[in-house]
Amino acid sequence: LIKLIESGTAHYVRCIKPNGQRRAHQMEPGNTIRQLRCSGVTETVRARRAGWPVSHTFTEFVNRYSEIYFKAIKKRAPVSDCMPILEAMLKDSLNWRMGHTKVFLRDQASSFMEDRLKSHRQQCKLLLQAMVRSTLQRRRYLKFSSSAVAIQKTFRKFSAVSRRRAVVAAMRLIQMRAKGYLLRAMIRRKARAARALQSKLRKAVQRTRLLRRKRSAVLLQAAFKRAGKRLAHAQRIKASIVREREEEKRRKEEEERQRLAAQER
């Protein structure tokens, strides 16, 4: 079990009981502080404050805090060492120590650096927002300015060509009246020609319809006549067949009587 624990990265969680009655949302300060002291948390915090709990590699430190260093010295220059940043930002050398590969900082020094970094980033965000807003406002101003110039140009143009527009409108009215008169005359001529053509076409259509109806009536009459003749012929044939059957029946009856008479004799 020990080998298994040492092979990984173990994390331990210290549980603190807020009260002895096991009630929710109720804390006993004396009992809580006693548990923290017994578990060694207060000593750990005191040792963390007394030592250098925060560490960064040289590259990480330069990349993280070079921006606030540039702001402190008010110029930008290539920085590859941690010493200028430490000397400019942390005046007291007791707040940091240099190792072979890392920079070690005390807790309050790290908090100070992080506060400066957070403040710098906040100022950068505000500056960026101000630049964006100024750009948008400038675009809006330019848009309004161009719109005002366009309105002025349009108004001046309207004022300059008002007389010409009146003359052009009068000329167009005269042209419109003349074109309307000529167009109406042409329409009247075309209407007369169209009416004449329609009359001839209607006559031709009516004549064609009349001929078709007459031809249809003649064909219908012929069909009725043929049907009547066929019916009469069929009736004559039927009557002749009936007469022949009756004569054949009478002949057979006569032959039967003659045969019976011959038998009686």
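Look a little higher up for the structure.
Residues numbered from 1 in each chain as written. Predicted model: local features only at pLDDT ≥ 70, side-chain atom pairs only at ≥ 80, totals over all residues. Heavy atoms only, no water.

Participant: Can you walk me through the overall build of the protein chain in this structure?
Facilitator: Counting its regular elements, the protein chain contains seven helices and three strands. Ordered by position in the sequence, the α and β elements of the protein chain form the string α-α-α-β-α-α-β-β-α-α. For a compact globule of 265 residues, the expected C-alpha radius of gyration is about 18 Å, and the protein chain comes in at 62 Å, more than 25% above that figure. Along the first, second and third principal axes, the C-alpha atoms of the protein chain reach 170 × 105 × 45 Å. A burial count over the protein chain gives 12% of its 265 residues as buried. One finds the centroid of the 67 positive side-chain charges in the protein chain at a distance of 26 Å from the centroid of its 20 negative side-chain charges. (Helix = DSSP H or I, 4+ residues; strand = E, 2+ residues; numbered from the N terminus. Rg over C-alpha atoms; globule rule 2.2 N^0.38 Å. Buried < 20%, exposed > 50% of the residue type's maximum accessible area, 1.4 Å probe, protein only. Lys, Arg positive; Asp, Glu negative; His and termini not counted. Charge placed at Lys NZ, Arg CZ, Asp CG, Glu CD.)

Participant: How should I be thinking about the nonpolar core in this particular structure?
Facilitator: In summary, soluble globular proteins display a tendency toward joint burial of nonpolar side chains. Counting 18 residues, the largest nonpolar core has F61, Y65, I85, L86, L90, L105 and M113 as its most contacted members. When contributions to this core are tallied by element, the ones reaching two or more residues are α4 (58-73), α5 (83-89), β3 (102-105) and α6 (107-160). Top element by residues in this core is α4. It accounts for six residues. (Core = buried A, V, L, I, M, F, W, Y, C linked by side-chain atoms within 4.5 Å.)

Participant: Sorry if this is basic, but what is going on with the pattern of salt bridges here?
Facilitator: Pairing of side chains with opposite charge becomes possible as their charged atoms draw close. Under the criterion given, the structure shown has five salt bridges. Note that R64 is salt-bridged to E114, the shortest N-O span being 2.9 Å. Remark: E114 occurs in helix α6 and R64 occurs in helix α4; sequence separation between them is 50 residues. For R64, a relative accessible area of 31% puts it in the partly exposed group. Here R251 ties to E248 by a salt bridge, and the two come within 2.0 Å at their closest N and O atoms. Of this pair, R251 and E248 both sit in helix α7 (residues 162-264), three residues apart, which is roughly one turn of the helix. Residue classification places R251 among the partly exposed residues on the basis of a relative accessible area of 38%. The network of salt bridges with shared partners includes E248, R251 and E255. (Salt bridge = Lys/Arg side-chain N within 4 Å of Asp/Glu carboxyl O.)

Participant: Sorry if this is basic, but what is going on with the sheet that holds strand β2 (residues 96-98) here?
Facilitator: Through backbone hydrogen bonds, the strands of a sheet pair up, either in parallel or in antiparallel fashion. If you walk across this open sheet you meet the three strands as β1-β3-β2, and the pairing is antiparallel. Unpaired on one side and paired on the other, β1 (54-57) and β2 mark the two borders of the sheet. Across the sheet, the mean angle from the axis of one strand to that of its neighbour is 20°, orientation sign disregarded. Pairing geometry for β1 and β3, over four bridges, is antiparallel. Among the inter-strand pairings, V54 is bridged to a residue of β3, identified as L105. (Pairing = 2+ DSSP bridges. Axes fitted to C-alpha atoms, helices over the stretch in contact; angles between N-to-C directions.)

Participant: Is there a simple way to think about a positive patch on the surface in this case?
Facilitator: Judged by side-chain charge, R177, R184, R188, R189, K190, R192 and R195 come together as a positively charged surface patch. Here R189 shows up in helix α7. (Patch = residues over 30% accessible without salt bridge, like charges linked within 9 Å, V, L, I, M, F, W, Y side chains within 5 Å. Areas by Shrake-Rupley, 256 points an atom, 1.4 Å probe, with all protein chains shown as cover.)

Participant: Honestly, the side chain of H120 in this entry has me stumped. Any pointers?
Facilitator: Along the chain, the position of H120 falls in helix α6. Under the relative-accessibility criterion, H120 is labelled buried at 11%.

Participant: Mind showing me how you'd approach the side chain of N19 here?
Facilitator: Tracing the backbone shows N19 in the loop between α1 (2-7) and α2 (29-39). For N19, a relative accessible area of 4% translates into the label buried. Here Q26 takes part through its backbone oxygen, which lies 2.5 Å from a polar atom of the side chain of N19. Those residues within four positions of N19 in sequence are excluded, and the remaining contacts are Q26, E28 and N31. (Polar contact = N/O pair within 3.5 Å; in protein donor to acceptor, adjacent residues only side chain to side chain. Contact = heavy atoms within 4.5 Å.)

Participant: I tried to follow unusual backbone geometry on my own but got confused; where do I start?
Facilitator: Glycine aside, residues mostly have negative phi, and peptide bonds are mostly found in the trans state. Located in the positive-phi region is R22, a residue other than glycine, with phi close to 60°. Locating R22 in the fold gives a position in the loop between α1 and α2. Classification of R22 as exposed rests on a relative accessible area of 78%. Positive phi, close to 60°, is recorded for H25, a residue that is not glycine.

Participant: In this structure, what is going on with the pairing of β3? I would like to understand it.
Facilitator: Note on strand geometry: in a regular strand, side chains alternate between the two faces of the sheet. Here β3 shows a buried face lined by V103 and L105 and an unburied face lined by K102 and F104. In this sheet, β3 lies alongside β2 in antiparallel orientation, the contact comprising three bridges. Within β3, the residue paired with R97 across the bridge is F104. The hairpin turn running from β2 into β3, its antiparallel successor, is three residues long.

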